[in-house]
Amino acid sequence: MNSDHDIESTEHLLQKLKKIKLNPKALHAFQEQYTPHHSFQSLSDYLNYYIAEHPNLETRKIYIDANIPPSYGNQIFNGTKKRPGKYKLIPICIAMGMNLTETNRALRLAKASELDPRNKQDMALIICINEKVRTIYNVNEFLVAAELPPLEC
């Protein structure tokens, strides 16, 4: 997941699109430059692609660090559980070492709301992701210390 122009921000892409106007050649050039090489149809496709791109990740360790039962994790990774809740998916993303953009992409694919910097709990989770916290135990320690409810797994 390190390419795709480090996943340009939507805001940045929208600003660039404003400059194209009704110019088909400029549109095609933009599409060539910014169309991602991988389009994911499902959350499981994305998670499995991410694991393939990060060979040091093991699902067993992800489940431990996310504090989820392997049976539940397997349902998410094999696609039988297509829409895990936002706060069920975030521990998996954290345990996988995803950055904020990657986590929000996973949330979108699960049809869950993205992390919102205006929401107090989401603020704390964004900090944990930015600081590369890798276990739900450490995330929950931070949440409790910040007087916020821990994530239930």
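Refer to the structure above for everything that follows.
If you're wondering where the values come from, they're calculated on a predicted model, not measured in any experiment.

Q: Any chance you could explain the packing of aromatic side chains here in plain terms?
A: How two aromatic rings sit relative to each other is given by the distance of their centres and the angle of their planes. According to the stated counting rule, one finds three aromatic pairs in the structure shown. Between the aromatic rings of Phe-40 and Tyr-46, the centroid separation amounts to 5.0 Å while the plane-to-plane angle is 70°, which identifies the pairing as edge-to-face. This pair shows no difference in class: Phe-40 is buried, exactly as Tyr-46 is. Feature note: the residues Phe-40, Tyr-46 and Tyr-49 constitute an aromatic cluster, connected by ring pairs.

Q: Would you explain the packing of helix α7 (residues 86-96) against helix α9 (residues 120-130) in this entry?
A: Contact pair α7 / α9: the axes reach a minimum separation of 11 Å and the direction vectors enclose 15°. Relative to α9, the element α7 lies roughly parallel. Judged by the twist between their axes, the crossing of α7 over α9 is left-handed. For the pair formed by α7 and α9, the contact residues are Lys-86, Tyr-87, Ile-90 and Ile-94 on the first element and Gln-121, Asp-122, Leu-125 and Ile-129 on the second. Classifying every residue of the contact of α7 with α9 by side-chain character gives five nonpolar, one polar and two charged.

Q: Is there a simple way to explain the environment of Ala-106 in this structure?
A: Examined against the element boundaries, Ala-106 turns out to sit in helix α8 (residues 100-109). Note on Ala-106: relative accessible area 0%, which makes it buried. When the C-alpha positions of Ala-106 and Ile-92 are compared, they lie 9.9 Å apart, and in sequence the two are 14 residues distant. In this structure, Ala-106 is in contact with Leu-43, Tyr-46, Leu-89, Cys-93 and Met-98, ignoring residues within four places of it in sequence.

Q: Teacher, can you tell me more about unusual backbone geometry here?
A: Most peptide bonds take the trans configuration, and most residues that are not glycine carry a negative phi. Look at Lys-21: it is not a glycine, yet its phi comes out positive at around 60°. Topologically, Lys-21 is positioned in the loop between α2 (10-18) and α3 (24-34). Taking relative accessible area as the criterion, Lys-21 reaches 68% and is therefore assigned exposed.

Q: Please explain the environment of Ile-51 as it appears in this structure.
A: Structurally, Ile-51 is set in helix α4 (residues 43-53). Distance from Ile-51 to Met-96, taken between C-alpha atoms, is 8.0 Å for residues 45 residues apart in sequence. Discounting chain neighbours no more than four positions away, the residues touching Ile-51 are Leu-57, Thr-59, Ile-62, Phe-77 and Met-96.

Q: What is the right way to look at a nonpolar patch on the surface in this model?
A: A contiguous nonpolar patch, built from Leu-14, Leu-17 and Leu-27 and spanning about 240 Å² of accessible area, is present on the exposed surface. Structurally, the position occupied by Leu-17 is in helix α2. Exposure remark for Leu-17: the relative accessible area of 37% places this residue in the partly exposed category.

About the cut-offs
- Numbering of residues starts from 1 in each chain and follows the order in which that chain's sequence is written.
- Side-chain atom pairs in this predicted model are given and counted only at pLDDT of 80 or more, local residue features only at pLDDT of at least 70, and totals for whole chains, interfaces and linings cover all residues.
- Calculation of side-chain values draws on the structure's entire complement of heavy atoms; hydrogens and water are dropped beforehand.
- Aromatic rings from Phe, Tyr and Trp, taking only the six-membered ring of Trp, are treated as a pair when their centres fall within 6.5 Å; an angle between ring planes under 30 degrees marks them as stacked, one over 60 as edge-to-face, and anything in between as tilted.
- Exposure is judged per residue with a 1.4 Å probe applied to protein chains only, and the accessible area is read against the type maximum: over 50% gives exposed, under 20% gives buried, and values in between give partly exposed.
- Fitted lines through C-alpha atoms serve as axes, helices being fitted only where they are in contact, and the angles separating the N-to-C directions of these axes extend from 0 to 180 degrees.
- For the purposes of this entry, the term helix denotes a DSSP run of H or I that reaches at least four residues, the term strand denotes a run of E that reaches at least two, and both are numbered from the N terminus.
- Roughly parallel refers to an angle under 35 degrees, roughly antiparallel to one over 145, roughly perpendicular to one between 65 and 115, and oblique to any angle outside these ranges.
- Put simply, a crossing is left-handed when the front helix is turned counterclockwise from the back one by less than a right angle, and right-handed when it is turned clockwise.
- Contacts are assigned to residue pairs that have any heavy atoms within 4.5 Å of one another.
- Each residue gets one label: Ala, Val, Leu, Ile, Met, Phe, Trp, Tyr, Cys and Pro are nonpolar, Asp, Glu, Lys and Arg are charged, and the others, such as Gly, are polar.
- Candidates for patches are residues over 30% relative accessible area with no salt bridge; among them, like charges are joined within 9 Å and nonpolar side chains (Val, Leu, Ile, Met, Phe, Trp, Tyr) within 5 Å.
- Calculation of accessible area relied on Shrake-Rupley with a 1.4 Å probe; when residues are assessed, cover is drawn exclusively from the protein chains displayed.
- Criterion for a salt bridge: a side-chain nitrogen of Lys or Arg within 4 Å of a carboxyl oxygen of Asp or Glu.

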